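# An overview of the molecular structure
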Amino acid sequence: MARLISMISIFLFSAMAQATNAPPRIMGYYPFWVNTPLAQIPFERINQLNYAFAKLDADGNISPGEAAFDLNKATMLADGQLLLGNYAVLQAMKRAHPQLKAVIAIGGWHNSAHFSDVAADPALRRAFALSVLAFTERYGFDGVEINWHFPGFGGKKSNSQRKDDGKNLALLLRAIQREKAQRPLIVGLSLGPLPQQIAALPLHELMPLIDYAVLQVGDFTGAWSPITGHKSPLYAPPTALSIDTALKQLQQNGAELSKISLLLPTQGMSFIGVAAAQLGQPHHGASFGTWDNPNTGATGMIGQNEMAAIIQQGGFSSHWDELSQAETFYSARLQQWISIETQRSLRGKLGYAERAGLAGMALWDLSSDASSGSLLQAIEWHYFPLQALLHDAQEAWPRYASWAFALLGVLLATLLFMGAGLLLRHRRERAWVEHAQSLNTLPTNLLALQHSSQTIVLHADNADLIAQAQAVLDASASLARQLSPLLDAPDEAITAVLSPAPDDPATYVPLSSAADNPDTYVPLNPATSMPLSPAAQRLHN
């Protein structure tokens, strides 16, 4: 069952790819440090997995972000195959899901220190481009994403940074384009949402050099924020930041919206010490999040599964912001305030993305999504509803297999019973047809036998021959009397199958008339089984 659904979903992805030049991108990020095993990610629902992150060193070379996870971590697949490292697992997942593309994201918040220096130096740019090709070929990646945090503005204070970062980024991408002529390679770019980050980029130059871009729209509010606010608002008041304001600035600066996907957060932000449910409230800091402990400290990051458990426990009220198209949750008893992406807010963003002509949606990150009723599931339903239905059935099958098999057994038994009944009916009708056909040949045969016997009786000179012919004549007359009820009143089923049309002249003279009234016997034409004409009767006699 699962294999069948997988084959169908692969066909649907292929059909969509052939139907359009650029099918919607459904991308998911997987950071190497998360607890969820890579093999448990629902790869069937995405068409691109962005693995985060690889490191960039000062010489322009790329290396795995963490060898312990990327190359050495042992994973046992469902088929019993033992693999070492997430890179190897990802290649196995690509083989199992032919629609899947794997992209290595380079950089991120903690690994962007050398981007500015590498991009500014022609020799380092070429070294970087060659390293991209070697790295992706060695580990089986289909592409690379430049996840520079951030060219020209923002990022960690320890990062190198220049005013010309935007122009140098274009040169870095051109170096990749020159080298990638050796083999196909997906090239992606991560974009910051702040006005200064967008202004620092020569988007007219960058867009022709990339296949896609993701706009980071999941951190408008975080632990650093002095007041509560939406983590990923679609709209905002004129003086505030939002997805809409970032996209409009990108478009004004020359970005192709058809190459941009929104990078939405699966994680929520939780604050404590909040006195009211309204936006803009001061707080006492972030609460302990889903993955926090005393060593890491409180980050306030809440995963979708934990949020579902919080709502189920009760005590939190939901608050919908019509302007921002965003949802928050508040507990007056705990004085806890949470902003998180929900199914309702996601619907608004999906509709917006479609109206704006965006490339698709991306999620950071897949390990924080819900086990059931996930954001990824909703995204797939929006772009590929039939495919999503098949995947939902595939997920539900193990839970309902027992009663489904019982129901299937009942249906099969019913079908077999109905089939047997139809077969028996067919055989019975066939027997009736054969029986009727045999009966319909009797009149002609018996009449021919009577005619021959009567001729011998009337015209033969040999007494023994006349006696034998008379015996045959008497026997045929007796048989005619016994068959007369069947021939004069045939079985209804036979009549229904073989009865002639009302105006059909192919009737016969009852056999009893020849046997009981030999003086009025009318001979038949053997070719047509019809009574002979008077002239023919005279010649016959």
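Note that this is a predicted model, so its numbers are computed, not measured. (Residues numbered from 1 in each chain as written. Predicted model: local features only at pLDDT ≥ 70, side-chain atom pairs only at ≥ 80, totals over all residues. Heavy atoms only, no water.)

### Considering a nonpolar patch on the surface
We count it as follows: Each patch is built from salt-bridge-free residues with over 30% relative accessible area, joining like charges within 9 Å and nonpolar side chains (Val, Leu, Ile, Met, Phe, Trp, Tyr) within 5 Å. Methods summary: accessible areas were calculated by the Shrake-Rupley approach with a probe of 1.4 Å, and residue burial reflects only the protein chains presented. We count a salt bridge whenever a side-chain nitrogen from Lys or Arg sits within 4 Å of a carboxyl oxygen from Asp or Glu. Each helix corresponds to a stretch of at least 4 residues labelled H or I by DSSP, and each strand to a stretch of at least 2 residues labelled E; elements are numbered beginning at the N terminus. Buried means the residue's accessible area, taken with a 1.4 Å probe over protein chains only, is under 20% of the maximum for its type, while exposed means over 50%, and partly exposed covers the values in between.
Judged by side-chain polarity, Leu412, Leu415, Phe417 and Met418 come together as a nonpolar surface patch covering roughly 470 Å² of accessible area. As for its placement among the helices and strands, Leu415 is situated in helix H13 (residues 385-459). For Leu415, a relative accessible area of 56% corresponds to the exposed category.

### Describing the confidence of the model for the protein
This is how it is decided: As a per-residue measure, pLDDT tells how confident the predictor is, with possible values from 0 to 100. Note on contacts: a residue pair is in contact if any heavy atoms of the two residues lie within 4.5 Å.
Per-residue pLDDT for the protein has a mean of 85; in total, 80% of the residues score no lower than 70. Within the model, pLDDT remains below 50 along residues 489-516, and this stretch shows 40 contacts once partners closer than five positions in the same chain are excluded. Taken as a whole, residues 532-541 scores under 50 in pLDDT and shows 10 contacts with residues more than four places along the chain or in a different chain.

### Thoughts on the nonpolar core
Short version of the rule: By convention a nonpolar core is built from buried Ala, Val, Leu, Ile, Met, Phe, Trp, Tyr and Cys residues, the set being connected through side-chain atoms within 4.5 Å.
With 82 residues, the main nonpolar core has Phe128 and Leu247 as its most contacted residues. Excluding residues within four positions of it along the chain, Phe128 makes contact with Leu56, Gly60, Ile62, Ile106, Phe115, Val118, Ile146, Leu172 and Ile176.

### Describing the side chain of Arg25
This is how it is decided: All tallies of charge rest on Lys and Arg as positive and Asp and Glu as negative; His and the ends of each chain are not included.
Turning to its location among the elements, Arg25 is positioned in strand S1 (residues 25-31). Asp211 provides the closest opposite charge to the buried, unpaired Arg25, separated from it by 5.6 Å. Residue contacts for Arg25: discarding those within four places in its chain leaves Asn47, Gln48, Asp211, Tyr212, Ser261, Ala359, Gly360 and Met361.

### Things to note about the packing of aromatic side chains
To describe a pair of aromatic rings, one takes the distance between the centres and the angle between the planes. As a reminder of what qualifies: Working definition: rings of Phe, Tyr and Trp (its six-membered ring) pair if their centres are within 6.5 Å, and the pair is stacked with planes under 30 degrees apart, edge-to-face with planes over 60 apart, and tilted otherwise. Look at NZ for Lys and CZ for Arg. If either is within 6 Å of the ring centre and within 35 degrees of the ring normal, a charge sits over the ring.
Taken as a whole and judged by the stated rule, the model has 17 aromatic pairs. Centroid distance Phe115 to Phe128: 6.4 Å. Interplanar angle 65°. Geometry classified as edge-to-face. One end of the pair, Phe115, is in helix H4 (residues 115-120); the other, Phe128, is in helix H5 (residues 122-139), with 13 residues separating them in the sequence. For the pair formed by Phe115 and Phe128, the shared burial category is buried. Here Arg344 stacks its cationic end above the ring of Trp320, 4.0 Å away from the centre of that ring.

### So, the environment of Ala39
Here Ala39 shows up in the loop between S1 and strand S2 (48-56). Taking the C-alpha atoms as reference points, Ala39 and Met93, 54 residues apart in sequence, are found 7.3 Å from one another. Excluding residues within four positions of it along the chain, Ala39 makes contact with Thr75, Leu77, Val89 and Met93.

### What to know about the pairing of strand S10 (residues 260-265)
Every other side chain in a regular strand lies on the same face of the sheet, so the side chains alternate between the two faces. Applicable threshold: With strands facing away from the observer, any crossover in which the path from the first strand over the helix to the second runs clockwise is taken as right-handed. Note on pairing: DSSP must find at least two bridges between two strands before they are called paired.
Within S10, 6 of the 6 residues are buried, which leaves it mostly tucked inside the rest of the structure. Residues Ile260, Leu262 and Leu264 point to one face of S10 and Ser261, Leu263 and Pro265 to the other, with burial holding for every one of them. You can see the chain leave strand S9 (residues 212-216), run along helix H9 (residues 243-252) and come back into S10, and the turn it takes is right-handed. In the sheet, S10 pairs with strand S17 (residues 360-364) via 5 bridges, with the strands oriented parallel.

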